[in-house]
Amino acid sequence: MKTSKIIFISLLSTIAVLILASVIDIRIHGRRDDGKRSDFKVDKQILPVFKSLRVYNSMNISLVQNDSSYIEVSYLKDSIAPKVNYTIIGDTLMVNDFEKTNHRNVSVTIHATDSLRNIQLKKSNISIDRIGLGKLFFALDESELWLNQDTLVKSAFQVLDIVARNHSRINSSEFSIDSLGLVLQNSEANLEMKANKISGMLSDSSKIYVRQPREISLKKDETSKINVNDY
């Protein structure tokens, strides 16, 4: 047998042994990761079911639909657990003064049931990482909203109504929606969602970028721009 062939066969055998060892290790010890997860600790604070959410002066907040309501805080194990300032009045959850610049390597996830209907943001940044069926109203003031539909939710979202003002921004990933209502005042929306119907009004140098819906009814003043992508 040629030397080159022997070397090639030896190399393949070594690779096979390494792969087998890795598989056995994963089965015994669980799935490997880069070690980052083990560096973080997660605290949960149980909440009553709420219908409204108000977020003020807060960053790095995520909202996820779930069967129960709670706040989940992730932070480095070696650091002091951050305090999330929140209060509950009636059926409204209020979160205040959680700024990303003051809480590095910290994330806050709010888990809400499908009872949630109203979200108000003031000088805040929030990401909706999983949304289900129903209707939601958003009011943004100097805020940024990210709408992300993950693969766990297959059905089309029904209705979104959004009022945004004072340099607010709205962004979305690609997902389906029945009806989208927008009122933009000196604000911008960059949307990849596929909507059956879009309606609303733009004023005070507002901008919107949307995909071509089945039906569209948008009004604007002379300072605003509407961009519709036909794809």
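Structural data are supplied above this passage.
The structure reproduced in this document is the subject of the present report. All values reported here derive from a predicted model rather than from experimental measurement.

Calculation criteria
Residues numbered from 1 in each chain as written. Predicted model: local features only at pLDDT ≥ 70, side-chain atom pairs only at ≥ 80, totals over all residues. Heavy atoms only, no water. Helix = DSSP H or I, 4+ residues; strand = E, 2+ residues; numbered from the N terminus. Buried < 20%, exposed > 50% of the residue type's maximum accessible area, 1.4 Å probe, protein only. Contact = heavy atoms within 4.5 Å. Areas by Shrake-Rupley, 256 points an atom, 1.4 Å probe, with all protein chains shown as cover. Pairing = 2+ DSSP bridges. Axes fitted to C-alpha atoms, helices over the stretch in contact; angles between N-to-C directions. Polar contact = N/O pair within 3.5 Å; in protein donor to acceptor, adjacent residues only side chain to side chain. Core = buried A, V, L, I, M, F, W, Y, C linked by side-chain atoms within 4.5 Å.

## What to know about the overall build of the protein
Now for step 1: When you go through the protein residue by residue, the secondary structure sums to one helix and 19 strands.
Now for step 2: With 231 residues in all, the protein has 35% of them scored as buried.
Now for step 3: For the protein, restricting intrachain contacts to residue pairs at least 6 apart in sequence, the fraction spanning at least 24 positions comes to 45%.
Now for step 4: Taken as a whole, the protein presents about 13700 Å² of accessible surface, with 50% of it coming from carbon and sulfur.

## What to know about the sheet that holds strand 15 (residues 188-191)
Each strand in a sheet pairs with its neighbour through backbone hydrogen bonds, running either in the same direction (parallel) or in the opposite one (antiparallel).
Now for step 1: Spatially, 10 strands are ordered 1-4-7-3-9-11-13-15-17-19 in an open sheet, and the strand pairing comes out mixed. Single-partner strands in this sheet number two, and they are strand 1 (40-46) and strand 19 (225-229). Sheet twist, expressed as the mean angle between neighbouring strand axes with direction ignored, is 15°.
Now for step 2: The pairing of strand 1 with strand 4 (residues 70-76) spans seven bridges and is classified as antiparallel. Residue pairing for strand 4: K41 is matched across the bridge by Y75.

## Some remarks on the pairing of strand 2 (residues 52-56)
Now for step 1: Across five bridges, the pairing between strand 2 and strand 6 (residues 92-96) is parallel. The residue of strand 6 that forms the bridge with S52 is T92.
Now for step 2: As paired elements, strand 2 and strand 8 (residues 118-122) share five bridges and run parallel to each other. Among the inter-strand pairings, S52 is bridged to a residue of strand 8, identified as N118.

## Some remarks on the environment of T87
Now for step 1: Mapped onto the secondary structure, T87 falls in strand 5 (residues 85-89).
Now for step 2: Taking the C-alpha atoms as reference points, T87 and R54, 33 residues apart in sequence, are found 9.9 Å from one another.

## Section: the side chain of R211
Now for step 1: With respect to the helices and strands, the residue R211 is situated in strand 17 (residues 207-211).
Now for step 2: The class of R211 is buried, set by a relative accessible area of 9%.
Now for step 3: Side-chain polar atoms of R211 contact the side chain of E174, separated by 3.4 Å.
Now for step 4: Reaching out from R211, the side chain makes a polar contact with the backbone oxygen of E192 at a distance of 3.4 Å.

## What about the nonpolar core?
Now for step 1: Among the nonpolar cores identified, the biggest contains 45 residues, and L53, F138, L147 and I170 are the most heavily contacted of them.
Now for step 2: Those residues in contact with I170 that lie beyond four places of it in its chain are L140, L145, L147, I162, A164, L182, L184, E188, A189, N190 and L191.

## Points about the side chain of S127
Now for step 1: Tracing the backbone shows S127 in strand 9 (residues 125-130).
Now for step 2: Beyond its immediate stretch of four places on either side in the chain, S127 contacts I61, S62, L63, W146 and N148.

## Things to note about unusual backbone geometry
Now for step 1: Of note, E142 is a non-glycine position whose phi angle comes to about 55°, a positive value.
Now for step 2: Taking the relative accessible area as the measure of exposure, E142 reaches 38% and is therefore partly exposed.
Now for step 3: Despite not being glycine, N186 has its phi angle at roughly 55°, a positive value.
Now for step 4: Among the secondary structure elements, N186 is positioned in the loop between strand 14 (176-185) and strand 15.

## A word on the pairing of strand 16 (residues 194-203)
Now for step 1: Across nine bridges, strand 14 lies against strand 16 in parallel orientation. Directly across from S179, in strand 16, lies its bridge partner K197.
Now for step 2: Direction of pairing for strand 16 relative to strand 18 (residues 215-220): parallel, over a ladder of six bridges. Bridged to K197 within strand 18 is E215.

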